[in-house]
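Spelled out from the first residue to the last, the chains are:
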Amino acid sequence: MSRATRIRTALEQAFAPVELEVEDESEAHRGHAGYQDGGESHFRVRMRAAAMAGQSRIARHRAVHAAIGPDLMGEIHALALDLDAP
Amino acid sequence: MTDAKSRIDETVKAHDVVLYMKGTKEMPQCGFSSRVAGVLNYMGVDYTDVNVLADDEIRQGIKDYSDWPTIPQLYVKGEFVGGCDIVTEMTLSGELDTMFDENGVAYDKDAADKIREANA
């Protein structure tokens, strides 16, 4: 299963988002630090979920990091997050 | 407290604004660090940069200190503010200005407005 799919699955299960985009933008970082052969190193997530309401920015990011889990977080180099309530 | 944690604790409390980054404010080594350093440089903020690539103990220690898995990390008056996404969002929303105002951190308001105009 691709890392993008694993990220998507983890976030869907944790937050039941109304909008979720998981983009592998590794190719844009080719040659930069952290680029891995085959891509799957740099991801961008845009998520709108009711669970994000009333939380600070830091709390939202922490909740997403926790849902993705340390193993998968450790495999990827970068995760850009755009998180909000619907 | 481990040695790394106590060193970090001293640094973030000794300086009003501290950026833990890959590379230096003059020569960032990563696009995300570069973006945050670029904002602070452009806004004329007097800040302390710590190059985590120069110190493995700090590189891991800063993640443990803030319970935050990525670098860069911005601290104001000893408080963790966020990483690249959060600092970018706060810059564009004006929240960063407010936080600097509230903490007595000097910055160029016109430059901050120019960043917002350029990204409007």
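Before reading further, recall that the structure is shown in the block above.
So, a few notes on the structure that sits alongside this text. These figures come from a predicted structure and were not determined experimentally. (Residues numbered from 1 in each chain as written. Chains lettered and ligands numbered in written order. Predicted model: local features only at pLDDT ≥ 70, side-chain atom pairs only at ≥ 80, totals over all residues. Heavy atoms only, no water.)

## Structural notes on the overall build of chain A
Point 1. Along chain A, the regular secondary structure elements total three helices and three strands.
Point 2. Reading the helices (α) and strands (β) of chain A from amino to carboxyl end gives α-β-β-α-α-β.
Point 3. In summary, chain A has a C-alpha radius of gyration of 13 Å against a globular reference of 12 Å for 86 residues, a match within 12%.
Point 4. Considering chain A as a whole, with its 86 residues, one finds that 43% of them fall into the buried category.
Point 5. If you take every contact in chain A between residues at least 6 apart in sequence, the share linking residues at least 24 apart comes to 62%.
Point 6. Per element, the accessible surface of chain A, about 4400 Å² overall, is 47% carbon and sulfur.
Point 7. Side-chain charges in chain A split into 10 positive and 13 negative, and the spacing between the mean points of these groups amounts to 6 Å. (Helix = DSSP H or I, 4+ residues; strand = E, 2+ residues; numbered from the N terminus. Rg over C-alpha atoms; globule rule 2.2 N^0.38 Å. Buried < 20%, exposed > 50% of the residue type's maximum accessible area, 1.4 Å probe, protein only. Contact = heavy atoms within 4.5 Å. Areas by Shrake-Rupley, 256 points an atom, 1.4 Å probe, with all protein chains shown as cover. Lys, Arg positive; Asp, Glu negative; His and termini not counted. Charge placed at Lys NZ, Arg CZ, Asp CG, Glu CD.)

## Notes on the packing of helix α4 (residues 84-93) of chain B against helix α5 (residues 95-102) of chain B
Residues and elements named next belong to chain B.
Point 1. Relative to each other, α4 and α5 sit at 90°, their axes nearing to 5 Å. It follows that α4 is roughly perpendicular to α5 by the angle criterion. Of α5, the residues touching α4 (which contributes V87, E89, M90, T91 and S93) are E95, L96 and M99.
Point 2. For the contact of α4 with α5, a count of residues per class yields four nonpolar, two polar and two charged. (Axes fitted to C-alpha atoms, helices over the stretch in contact; angles between N-to-C directions. Parallel < 35°, antiparallel > 145°, perpendicular 65-115°, else oblique. Nonpolar A, V, L, I, M, F, W, Y, C, P; charged D, E, K, R; others polar.)

## Some words on the interface of chain B and chain A
Point 1. Contact residues are listed per partner, giving 16 residues for chain B and 15 residues for chain A.
Point 2. At the boundary of chain B with chain A, total buried surface from both sides reaches about 1200 Å², with 56% on carbon and sulfur atoms.
Point 3. At the boundary of chain B and chain A, one finds five residue pairs in polar contact (both at pLDDT 80 or more).
Point 4. Taken together, the elements giving at least two residues each to the side of chain B that touches chain A come down to β4 (79-82) and α4 of chain B.
Point 5. By residue class, the composition of the side of chain B that touches chain A is seven nonpolar, four polar and five charged. (Buried area = accessible area lost by both parts, 1.4 Å probe. Polar contact = N/O pair within 3.5 Å; in protein donor to acceptor, adjacent residues only side chain to side chain.)

## Concerning unusual backbone geometry
Residue and element names in this part refer to chain B.
Point 1. Between I71 and the following residue, P72, the backbone shows a cis peptide bond with an omega angle of 15°.
Point 2. Position of P72 relative to the elements: it lies in the loop between α3 (56-66) and β3 (73-76).
Point 3. For D67, which is not a glycine, the phi torsion comes out positive at approximately 55°.
Point 4. Note on placement: D67 falls in the loop between α3 and β3.

## Focus on the layout of surface pockets
Point 1. The volume enclosed by the largest pocket comes to roughly 670 Å³.
Point 2. For the lining of the largest pocket, the elements supplying multiple residues, two or more each, are α2 (57-68), α3 (70-75) and β3 (78-84) of chain A together with α3 and α4 of chain B.
Point 3. When the residues that make up the lining of the largest pocket are grouped by side-chain class, the tally is 16 nonpolar, seven polar and six charged. (1 Å grid on protein atoms, 1.4 Å probe; cavity = no way out; pocket = protein on both sides within 12 Å on 5 of 7 lines; lining within 4 Å. Points joined across faces, edges and corners; volume = space filled by probe spheres on them.)

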